[in-house]
Amino acid sequence: METNDQSGEACPPAFESGEPALLRELAAAPEDEIFGVVSPSGIGIVRSGGEELWTLLINLSGWKSKASPFCDQEITIRQKTDKDTAHSIRDRFKAYDVIHVRARLAIENCFGSPQGLLTGIIVHHRADIELNEFAIDLQKPVTYNDPQFETFTLDRRVNWYESRAKWGSGNVRLCINVDNPKDDLEPLLKTARILWERQQHWENVIKDFAVKVLLEIKNDNWLEEGELPVTPTAFKQRMTLNSVSIEEGDHFEFWYDDGDLFWGHSISMSGSLTEGIDAALIQG
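This section reports on the structure supplied with the text. (Residues numbered from 1 in each chain as written. Predicted model: local features only at pLDDT ≥ 70, side-chain atom pairs only at ≥ 80, totals over all residues. Heavy atoms only, no water.)

Further remarks concern the overall build of the protein chain. Across its full length, the protein chain carries six helices and 14 strands. Its C-alpha atoms put the protein chain at 65 × 45 × 40 Å along the principal axes. Burial analysis of the protein chain (284 residues in total) assigns 42% to the buried set. Considering only contacts in the protein chain between residues 6 or more positions apart, those separated by 24 or more positions represent 53%. As displayed, the protein chain offers around 15300 Å² of accessible surface, 49% of which is attributable to carbon and sulfur atoms. (Helix = DSSP H or I, 4+ residues; strand = E, 2+ residues; numbered from the N terminus. Buried < 20%, exposed > 50% of the residue type's maximum accessible area, 1.4 Å probe, protein only. Contact = heavy atoms within 4.5 Å. Areas by Shrake-Rupley, 256 points an atom, 1.4 Å probe, with all protein chains shown as cover.)

Below you can see the structure in the form of structure tokens.
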């Protein structure tokens, strides 16, 4: 049986997965004092359906501890807590704040990225020169210049580079998703170039798939009172492209304004160059 390197205790059983498995690992991990910079996305709070407690998620873009030197690999420190406490902490600490927390820390764990379990204090920690300089650097604009799509600007909150590009008769957002801002964008831009070279082809394929999957749903469940059933041609005409997102491995996602087909919800169409379109969803 595999063991947890930090505690020597057995890892969670094979049937246990997700957050319960992680929390079990973290409960057995050693405590440490952690100092870090709140990520550009800020502090998150989530609650799963049926659960009474909320999960507080403190993402640190750069951090150090009493036992470890500075590291710029993001760590997530979490805690199950009540709604008021979760909202209070989220509202008190903003993106790029330097903070000090006490937590159980597991660099190696079932999530595959550094994780921590909050056990104690959360306070501002403004005296650390190294972390303050890192926080300042995080706020500097990061751009990437491309001969076809011109200047991309990194949105650190969501880890994507964004530009504007002409599609058909209009301009749309082009987003390049990255795991690390230092990643090479060219493999992802190659996917974008292929899509842009055959715009009309992909527009036809995507809208044909949308009609196949969503038209019946529209006419069965989303007609306004007195509204006539929508034809395939009208359905396609009411879809207006807003943005294209490029993912790793030639995957992409097209986001459309629904033209009130689904009362203001967005339509997302996803697929890949190799497999074509594989999903059409009503979002929001």
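Next comes the rest of the description.
A separate point is the sheet that holds strand β8 (residues 150-155). Read from one edge of the open sheet, eight strands run β7-β8-β9-β10-β11-β12-β13-β14, paired in mixed fashion. Sheet topology places β7 (143-146) and β14 (276-283) at the edges, where each strand pairs with a single neighbour. Strand-to-strand twist in this sheet, taken as the mean axis angle between neighbours without regard to direction, amounts to 25°. In terms of strand pairing, strand β9 (residues 160-167) meets strand β10 (residues 170-177) through eight bridges, oriented antiparallel. (Pairing = 2+ DSSP bridges. Axes fitted to C-alpha atoms, helices over the stretch in contact; angles between N-to-C directions.)

Our focus in this paragraph is helix α4 (residues 186-197). An ideal rise of 1.5 Å per residue puts 16 Å on twelve residues; α4 measures up with 16 Å between its terminal C-alpha atoms. Of all the positions in α4, only Leu188, Leu189, Thr191, Ala192, Arg193, Leu195 and Trp196 are classed as buried. (Expected span 1.5 Å × (residues − 1).)

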